[in-house]
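Chain residues, written in single-letter form:
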Amino acid sequence: QGCFMVSRKERTVLSLISWPVRCLPLVLLPTIVALLQPLAGGSGVSLVLVAAAVGAVLSVAVPKALPALVLVLVSAFVLLTTVHLPQLEATEAARHTGHRWQHPETPHSAVTQLPSPSSRNVAVPKGVGIVPAVASGSGSSGASSHPRTAEKLAALRWRATPFGSPNASESLETFSVVLPCAFEGNFAEKTVESIWRHTVGHRLKEIIVVDDGSSPPIRGTLPERLLIGAPHGPPLRVIRHEHTLGLISAKKTGGDAARGDVIVFFDCHVLPRDGWEEAFLRQMRRAGDHRTVVVPSITSLDVDTWREIPNSPIGRTCYILWNADFTWLANAGRDAPLMSGGLLAISRKWWQETGGYDEHMVAWGGENIDQSLRIWLCGGRIEVAEDAYVAHMWRDFKNPKTMLRYPIPTKDVMRNKARAASAWFGLFKEKVFTFPEYEQFTKHKESLGDMSNFERLKSKLQCAPFSSYLTRFSYVYFDTGLIPEEVFQIREVSTGLCLERRPSDQQPHDVVLAACSGGPGGGETAELQLWHGGNRDKSRDGKPCCSGIMNWNFLQCMDAQNIGVRLKTFECEITGGSHNQFFALQPFGSPTAAQQLVWRPRDQGAAAEACVAPIEQKVAEAQLIP
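Counting of residues starts from 1 at the beginning of each chain's written sequence and follows it residue by residue. This being a predicted model, a pLDDT of at least 70 is required before a residue's local features are given, and a value of 80 or more before pairs of side-chain atoms are given or counted; all residues contribute to the totals for chains, interfaces and linings. By convention in this description, side-chain values take in all heavy atoms of the structure and omit both hydrogens and water.

**Side note on the state of the cysteines**
By convention in this document, the label disulfide applies to cysteine sulfur atom pairs within 2.5 Å. Under the defined criterion, the tally for this structure stands at 5 disulfides. With a sulfur-sulfur separation of 2.0 Å, cysteine 378 is cross-linked through a disulfide to cysteine 463. The disulfide joining cysteine 378 to cysteine 463 has a torsion of about 105° about its S-S bond and is therefore right-handed. With cysteine 378 in the loop between helix H12 (367-377) and strand E12 (381-392) and cysteine 463 in the loop between helix H16 (452-461) and helix H17 (466-472), the pair connects residues that are 85 residues apart, well separated along the chain. Where helices and strands are cited, they refer to DSSP runs of H or I of at least four residues and of E of at least two residues respectively, numbered from the N terminus.

Okay, here's the thing in structure tokens:
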């Protein structure tokens, strides 16, 4: 009595309804896993079979629909995560191959920040020739080969999908060549004709000359043969700024107006070799998407003959220094850490997705740093098209023809660089702003302007932090000493004086002995007395640091051409290719004794080729002359 009674017919109907519900986990769980497994990078059919087995267990154990559905979703999440996390960890390990991780005991701040001149702790122990200047990290005897736990966890964090999607079928067929020209009418004519003559016709959609306020206007200086248009002339467009806005604005105007699949930026004084455009396209198509930016092999142009100078040095790529300046990088390989800025090719789609140039930068300078970092950090890459040769006119103060015809305000240049550093360097921007050239923004509190455009771009493209750039190019920053493990003074024991670089207007710079700065009660240590290991060591596996000694905060390394000459400094050959810059500090006598500064050290304890020693002062007798 009181029980709910069901007839046989009713039981049959209820059974027909309940069996599909009971079988829901058996069908739904493997289906979800099969659909989502490719996104998680799973291991194929085996994962689906495991899901089916789990689904069968749930079908038997959980008869109700709602709890079964919840358990199906939880099980799918666990199965996919179990496969996905190890693969992410393996991917990160592969990405960091060759990167020299900090010692496990090094605090995280030591990895993400460089020591600044204002935070140095200097002690000068008696009788020791080398004096540590930075306590942080100096107690480590070597670098660990494995990432720390915190770094592993950071590597496993969710990464949002980049804006847009790589498209292997993206059309890369035609070129818009943009020439920013200011007061270069004669050069503009020769450059337009050179591009027309040395480019396959069906590739060249247009040549866009952006006349940046030239007087007289460039259009009026061009001959009729260049203005008649295709097919008898080049497909030329001239866009004019009535007032000179600067190189960056001129390039942005041309890039935004381009109609070709690929936007090529050349300076208004270049001569390309035949085949340059096909070499560009081969490199841009290599990765199968539209996000590869390419740079050519840059040689030198004789402006008098308008011919490439035979056997001239070749520049391809650059790297960023800590004061947000840049210099050329020798033997860089395929990937370019930084573009020189003037000569490059980018797909029109990637130009639009990345926003081109920062619209708040003025005149000239810093745009190559901004553009290079937004490409590398936001899902793209920069590669060298080695078979694309372009001869370029370099500024030469001895040749009036090559001189600039318009001013470049230094204040604007520094603001542009400061904007690029503030936008992309993350915590490392604090290092940039320790340099005196940025005092207008640090000491005098001048504004950098509106930076919100960078924040919108980072959010849209899900850009990576600057630390990932340093990791990607660890062979430029860690293996060369540009991010040093320790910084020190070098004191000559017999005199008690310290080695100090004495700057001059031109290289090389002298190295002298001067009173040691810093130390207990001695105030701040002079930067010119601070040194650290630098340049890659090609004699060791992996070419790690260091084969020379670099002056802190300056790209100047100890340099000597022969025995018996004065010690100098010269611009560091960070790849380790200069034998003149092979210097090391080696034990002299017992391990606790002073170290010896040697030139061209040798392996296996053999004596070095030479050592550094003070020059004896020669004092002549004085006499009065009537």
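Now that the structure is up, let's keep going.
**Some points on the pattern of salt bridges**
The rule for a salt bridge is simple: a side-chain nitrogen of Lys or Arg has to be within 4 Å of a carboxyl oxygen of Asp or Glu. Using the criterion set out here, one finds 27 salt bridges in the structure. With a shortest N-O distance of 3.9 Å, arginine 282 and aspartate 387 are connected by a salt bridge. Of this pair, arginine 282 sits in helix H10 (residues 276-285) while aspartate 387 sits in strand E12, placing them 105 residues apart in sequence. Throughout, exposure labels follow a simple rule: accessible area from a 1.4 Å probe, protein chains only, divided by the maximum for the residue type, with under 20% read as buried, over 50% as exposed, and the rest as partly exposed. You can call arginine 282 exposed: its relative accessible area is 52%. A network of salt bridges, in which partner residues are shared, links Arg286, Arg334, Asp335, Glu383 and Arg472.

**So, the sheet that holds strand E20 (residues 583-587)**
At least two bridges found by DSSP between two strands is the condition for calling them paired. Strand order in the open sheet made by the 3 strands is E20-E21-E22, with antiparallel pairing throughout. On the outer flanks of this sheet lie E20 and strand E22 (610-611), each paired with one strand and no other. As paired elements, strand E21 (residues 595-599) and E22 share 2 bridges and run antiparallel to each other. When the sheet's bridge partners are listed, tryptophan 599 is paired in E22 with alanine 610.

**Points about the environment of leucine 377**
The residue leucine 377 is located in helix H12 in this model. Between the C-alpha atom of leucine 377 and that of alanine 464, which follows or precedes it by 87 residues, the distance is 5.0 Å. Should any heavy atoms of two residues lie within 4.5 Å, those residues are considered in contact. With sequence-adjacent residues up to four places away left out, leucine 377 is seen in contact with Trp424, Cys463, Ala464, Pro465, Phe466, Ser468 and Tyr469.

**Some points on unusual backbone geometry**
Cis geometry is found at the peptide bond from serine 215 to proline 216, where omega equals 0°. Relative to the elements of secondary structure, proline 216 occurs in the loop between strand E3 (204-212) and helix H8 (224-227). Of note, the bond from glutamine 507 into proline 508 is cis; its omega dihedral lies within 30 degrees of zero at -5°. Relative to the helices and strands, proline 508 is located in the loop between strand E14 (497-502) and strand E15 (509-514). The phi dihedral of phenylalanine 183 falls on the positive side, at around 60°, and the residue is not glycine. Inspection of the secondary structure assignment puts phenylalanine 183 in the loop between strand E2 (175-181) and helix H7 (185-197). Among the residues examined, phenylalanine 183 registers a relative accessible area of 30% and is labelled partly exposed. Even without being glycine, asparagine 331 reaches a positive phi, approximately 50°.

**Details of the side chain of serine 176**
By the element assignment, serine 176 lies in strand E2. For serine 176, a relative accessible area of 0% gives the class buried. A distance of 2.5 Å separates polar atoms of two side chains, one belonging to serine 176 and the other to glutamate 206. For serine 176, the residues in contact, after removing those within four places along its chain, are Glu206, Ala258, Arg259, Gly260, Val262, Ile263 and Val264. Polar contact criterion, stated in full: a pair of N or O atoms within 3.5 Å, where within protein one must be able to donate a hydrogen and the other to accept it, and residues adjacent in sequence count only if both atoms are side-chain atoms.

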